[in-house]
Amino acid sequence: MKYLDQINSPDDLKQIPRDELEAVAREIRSRIIEVVSKNGGHLAPSLGVVELTIALHYVFDLPRDTLIWDVGHQSYAHKLLTGRHRTFDTLRKYKGISGFVKTKESPYDALTVGHASTSISAGLGMCYAKMLKQDKSNVVSIIGDGSMTAGLAYEGLNHSGDLQQKYIVILNDNDMSISANVGALSSYLSRTLSHKALQNMRNQFGQFLKSVPKIGDDMYEWAKRWEESFKTFVTPGMLFEAFNFDYFGPIDGHNLDHLIDILTNIKDPDSPVLLHVTTKKGKGYKPAEKNPVYFHGVGAFAVDTGKCPASKSSAPPSYTSVFGNCMIALAKQNKCIVAVTAAMPEGTGLGCFAEQFPDRFIDVGIAEQHAVTFAAGLAAKGAKPVVAIYSTFLQRGYDQILHDVCIDGLPVIFAIDRGGIVGEDGPTHHGLFDFSYLRSIPNMTVMAPMDENELVRMMQTAVAHQGPIALRYPRGAGQGVDVDYNAEAVDIGKAKVLRTGDDLLIIGIGRCVNDAMEAAEQLSAQGIESTVVNARFVKPLDADLILDLAGKIKTVVTIEEHVLAGGFGSAILELICDNGLSGCRVKRVGVNDVFVEHGSQSELRKDYGIDAQAVVAAGLTLCREK
Ligand SMILES: Cc1ncc(C[n+]2csc(CCOP(=O)(O)OP(=O)(O)O)c2C)c(N)n1
Ligand SMILES: CC(=O)[C@@H](O)[C@H](O)COP(=O)(O)O
Ligand SMILES: [Mg+2]
């Protein structure tokens with residue numbers, strides 16, 4: 001590619017004549033579409049910021065100046081301009097480059113991101129650290145309108161206005177989150193001239209007014225009020241002006257010349273500046289422009305049609321789709337059921353629910369803390385809220401779960417999707433900590449289904465339960481079992497023996513129960529007969545059953561798609577130890593004390609040892625030591 005082949009850093013970009021940058025943008029779009037059509041990824045967000053990315057790399061002195069991309073899912077152009085054009089084919093692939101901004105990957109990646117709305121707080125911190133070192137280089141955070149719905153963003157804005165650091169925030173407003181954006185963020189009508197000279201003239205005029213004897217101050221205040229009311233009327237940047245940011249915009253985020261001029265004007269600010277740019281999500285690829293929701297995060301697709309290969313009809317339904325169908329069935333029976341999502345209606349399978357029960361479907365935006373406490377309020381007044389939030393994003397609402405739901409034991413259901421290894425999104429998105437962060441909270445019940453039919457049964461259990469309860473299930477296809485949406489509930493704290501054998505006890509939780517069964521078959525072929533238990537509950541454990549079996553068999557293997565620290569296996573160890581079961585030896589299969597990288601779920605499960613082979617190895621070791 002004529003331009004990308006010669007760009008290994010932003011300095012190379014600066015050598016390109018300004019009137020050829022549009023051609024660079026075309027090449028970048030073509031490269032992004034080419035690779036994402038094969039690897040999958042966040043196409044629409046990245047296509048929407050191609051010009052903005054070029055302008056930022058053209059104006060600022062990277063990596064001395066610091067760019068912080070919020071979420072980082074829109075960073076493909078940034079990667080292509082910072083030496084990753086030749087490795088871009090490995091995007092999101094196992095041991096390839098990440099689909100998000102990642103400090104380990106490049107000196108141009110200032111912060112590892114993936115969870116939304118962190119860029120303002122982190123950027124302010126970087127500003128302050130630079131100030132302490134008399135480092136006058138710029139810090140620029142780029143945050144989307146969807147990510148501006150999170151409270152954390154306002155905490156950062158509020159503090160920025162107080163610290164008055166030399167800081168630039170760019171609001172990339174494409175009027176979309178993953179779905180249509182929610183919340184009161186107003187659409188912006190006009191723009192404020194940003195030219196520094198005009199800003200200087202404004203300041204000089206103010207000084208002149210103040211200098212007029214006797215009436216100067218009053219005239220200045222009057223002029224100031226007039227300007228504020230004009231700006232408030234014409235460019236409602238008042239939200240940001242209230243945070244002591246100088247607001248500029250909104251400007252066309254696809255007009256390269258305009259962007260370069262304005263960024264040049266606002267560079268090296270004397271106080272916090274917010275530049276509001278409007279962009280089109282999916283810009284430059286018609287299917288993505290037409291359907292930015294679908295192309296927000298997409299699998300492999302045919303470039304000419306924009307169509308993804310039809311999923312094999314034989315593929316089992318996803319846990320997510322079964323959850324969505326189950327919610328509709330339950331809501332028909334129970335008028336109290338209300339679904340709450342944090343900006344992920346499609347991802348959590350609630351799209352159809354929202355259509356059928358619009359009054360009982362609430363999307364709070366990217367506001368997981370609010371979602372949980374809002375649900376606590378719903379429950380406190382008789383509703384039966386189902387909070388559907390991915391495991392990794394629910395981490396953001398931990399205190400709200402503990403403080404606002406569990407202390408009072410309010411009947412909130414947590415439908416925790418993406419539990420376990422999620423695959424290509426990598427370490428910022430794997431849901432590997434929820435057993436630990438939930439089971440330590442009094443009044444909380446934690447369960448995980450072994451298959452999609454058991455998910456339905458556990459949802460029945462959850463709706464009937466009069467207290468906080470969480471069920472956690474994985475990303476992707478189910479086990480291919482029949483699903484009975486009228487199946488009866490499972491009894492809380494009761495496990496199920498799936499297979500008997502005297503040589504080894506294998507206890508699995510969630511989808512890992514299937515690995516346990518596979519391992520038992522492999523061990524049987526080697527003369528080792530196992531009892532396999534589907535634990536169903538992380539809390540409360542089926543203590544009587546587990547202690548009885550472990551006391552008899554003495555060799556135990558646990559398996560979970562979760563970190564070992566504080567997870568399901570730890571709970572089994574605590575139970576066995578606390579009950580003085582002597583001579584009982586336990587091996588836990590789970591994720592060691594590391595962050596799991598990105599790749600396919602199957603590659604990662606194999607690489608991190610969360611599979612039948614790992615159970616077989618642990619079982620053989622224990623039995624040989626008998
Ligand atoms: C804390 C958190 N919640 C939810 C998500 C899922 N998520 C990723 S991108 C996104 C929408 C972001 O919208 P915006 O900031 O406007 O960026 P755009 O995709 O429009 O460029 C959401 C909800 C996340 N990454 N982090
Ligand atoms: C960027 C982001 O956080 C989301 O788009 C996330 O990647 C969605 O994950 P799923 O693809 O599992 O719904
Ligand atoms: Mg957006």
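Residues numbered from 1 in each chain as written. Chains lettered and ligands numbered in written order. Predicted model: local features only at pLDDT ≥ 70, side-chain atom pairs only at ≥ 80, totals over all residues. Heavy atoms only, no water.

*Asks:* Pulling in residues and values, what's your account of the overall build of the chain?
*Replies:* Scanning the chain from N- to C-terminus turns up 24 helices and 17 strands. Computed over its C-alpha atoms, the radius of gyration of the chain comes to 27 Å, within 12% of the 25 Å expected for a compact globule of 626 residues. Taking the principal axes of the C-alpha coordinates as reference, the chain spans close to 95 × 55 × 50 Å. For the chain, buried positions account for 59% of its 626 residues. In the chain, the proportion of contacts linking residues at least 24 apart, taken out of those at least 6 apart, comes to 78%. Carbon and sulfur atoms make up 54% of the accessible area of the chain, which amounts to about 25,100 Å² in all. Distance between charge centres in the chain, computed from 62 positive and 73 negative side chains, equals 1 Å. (Helix = DSSP H or I, 4+ residues; strand = E, 2+ residues; numbered from the N terminus. Rg over C-alpha atoms; globule rule 2.2 N^0.38 Å. Buried < 20%, exposed > 50% of the residue type's maximum accessible area, 1.4 Å probe, protein only. Contact = heavy atoms within 4.5 Å. Areas by Shrake-Rupley, 256 points an atom, 1.4 Å probe, with all protein chains shown as cover. Lys, Arg positive; Asp, Glu negative; His and termini not counted. Charge placed at Lys NZ, Arg CZ, Asp CG, Glu CD.)

*Asks:* Help me get a handle on the site of ligand 2, residues and values and all.
*Replies:* Every residue near ligand 2 is listed here: H42, V71, H73, F100, I178, H296, Y390, F393, R418, D425, H429 and R475. Separating an oxygen atom of ligand 2 from a side-chain N or O atom of H42 is a distance of 2.9 Å. H429 is positioned with one of its side-chain polar atoms (N or O) 2.7 Å from an oxygen atom of ligand 2. Burial of ligand 2 by the surrounding chains reaches 86%, relative to a free accessible area of 360 Å². Here the residues of the shell around ligand 2 are counted per class, giving five nonpolar, four polar and three charged. Inspection of the shell around ligand 2 shows a minimum of three residues originating in each of domain 1 (4-193 + 235-290) and domain 3 (319-472). (Near = heavy atom within 4 Å. Polar contact = N/O pair within 3.5 Å; in protein donor to acceptor, adjacent residues only side chain to side chain. Nonpolar A, V, L, I, M, F, W, Y, C, P; charged D, E, K, R; others polar. Domains from an automatic or database assignment.)

*Asks:* Summarise the sheet that holds strand β9 (residues 413-416); cite the residues concerned and give the values.
*Replies:* The seven strands lie next to each other as β7-β6-β8-β9-β11-β10-β15, forming an open sheet whose pairing is mixed. Among the strands making up the open sheet, the edge pair consists of β7 (361-363) and β15 (537-539). Strand-to-strand, the axes of this sheet are offset by a mean angle of 20 degrees, without reference to chain direction. Bridge count for β9 against strand β11 (residues 469-472) is four bridges, and the pairing is parallel. Residue pairing in the sheet places I413 in a bridge with I469 of β11. Along the sheet, helix α13 (residues 319-333) makes contact with β6 (337-341), β8 (384-388) and β9, crossing β6 at roughly 150 degrees. Set on the sheet, helix α19 (residues 452-464) makes contact with β6, β8, β9, β10 (445-447) and β11; between it and β11 the angle comes to about 170 degrees. (Pairing = 2+ DSSP bridges. Axes fitted to C-alpha atoms, helices over the stretch in contact; angles between N-to-C directions.)

*Asks:* Summarise the site of ligand 1; cite the residues concerned and give the values.
*Replies:* Taken together, 22 residues surround ligand 1, and among them H73, G146, S147, K281 and E368 come closest. Residue H73 places a side-chain N or O atom 2.8 Å away from an oxygen atom belonging to ligand 1. Between ligand 1 and the protein, one listed contact pairs an oxygen atom with a backbone N or O atom of M176 at 2.8 Å. Burial of ligand 1 by the surrounding chains reaches 97%, relative to a free accessible area of 580 Å². Class assignment for the residues of the shell around ligand 1 results in nine nonpolar, nine polar and four charged. When residues are assigned to domains, the shell around ligand 1 turns out to be shared by domain 1 (4-193 + 235-290) and domain 3 (319-472), each giving three or more.

*Asks:* An account of the nonpolar core is requested, with residue identities and associated values reported.
*Replies:* By size, the foremost hydrophobic cluster in this structure holds 59 residues, and its most contacted members are I28, I32, L43, I54, L56 and I170. The element that contributes the greatest number of residues to this core is helix α2 (residues 21-39), accounting for nine residues. Excluding residues within four positions of it along the chain, L56 makes contact with L67, W69, V140, I142, I170 and L263. Listed in part, the 54 residues of the second largest apolar core include V338, A342, L378 and I389. (Core = buried A, V, L, I, M, F, W, Y, C linked by side-chain atoms within 4.5 Å.)

*Asks:* How would you summarise the domain arrangement of the chain if you had to cite specific residues and measurements?
*Replies:* In terms of domain boundaries, the chain breaks down into domain 1 (4-193 + 235-290), domain 2 (203-233), domain 3 (319-472) and domain 4 (496-625). The C-alpha centroid of domain 4 is placed 45 Å from the C-alpha centroid of domain 1. Taken together, the contact between domain 1 and domain 4 spans nine residues of the former and six residues of the latter. Of the roughly 530 Å² buried where domain 1 meets domain 4, counting both sides, 44% is carbon and sulfur surface. Area buried by domain 1 at its contact with domain 4 is led by R92, Y94 and K102, which between them contribute 73% of it. At the boundary of domain 1 and domain 4, one finds two salt bridges. (Buried area = accessible area lost by both parts, 1.4 Å probe. Salt bridge = Lys/Arg side-chain N within 4 Å of Asp/Glu carboxyl O.)

*Asks:* Residues and numbers for the pairing of β6, please.
*Replies:* Counted residue by residue, β6 has five buried out of five residues, so it is predominantly covered. Every second residue of β6 is oriented toward a common face, with I337, A339 and T341 on one face and V338 and V340 on the other, all of them buried. Note that β6 and β8 share five bridges and pair parallel. When the bridges of β8 are listed, A339 appears paired with V386. Bridge count for β6 against β7 is three bridges, and the pairing is parallel.

*Asks:* An account of the coordination of the magnesium ion (ligand 3) is needed here, citing residue identities and associated values.
*Replies:* Six octahedral donors around a metal ideally make angles of 90 or 180 degrees; four tetrahedral donors ideally make 109.5 degrees. In the first shell of the magnesium ion (ligand 3), the protein supplies D145 (OD), N174 (OD1) and M176 (O), at 2.0 to 2.2 Å from the metal. Donor residues for the magnesium ion (ligand 3) sit on one chain with the sequence pattern D-x28-N-x1-M. Highlighted residues: D145 in the loop between β2 (139-144) and α7 (151-163) and N174 in the loop between β3 (168-173) and α8 (196-211), separated in sequence by 29 residues. Per residue, the accessibility class of D145 equals that of N174, and both read buried. (Donors = N, O, S within 2.8 Å, 3.2 Å for Na, K, Ca; no water.)

*Asks:* Run through the pattern of salt bridges, naming residues and quoting values.
*Replies:* Applying the stated criterion across every chain, the model contains 26 salt bridges. Linking E105 and K79 is a salt bridge whose minimum nitrogen-to-oxygen distance equals 2.5 Å. Here E105, found in the loop between α5 (76-80) and α6 (119-132), pairs with K79, found in helix α5; they are 26 residues apart in sequence, far enough to count as distant. For E105, a relative accessible area of 23% gives the class partly exposed. K79 gets classed as buried once you look at its relative accessible area, which sits at 0%.

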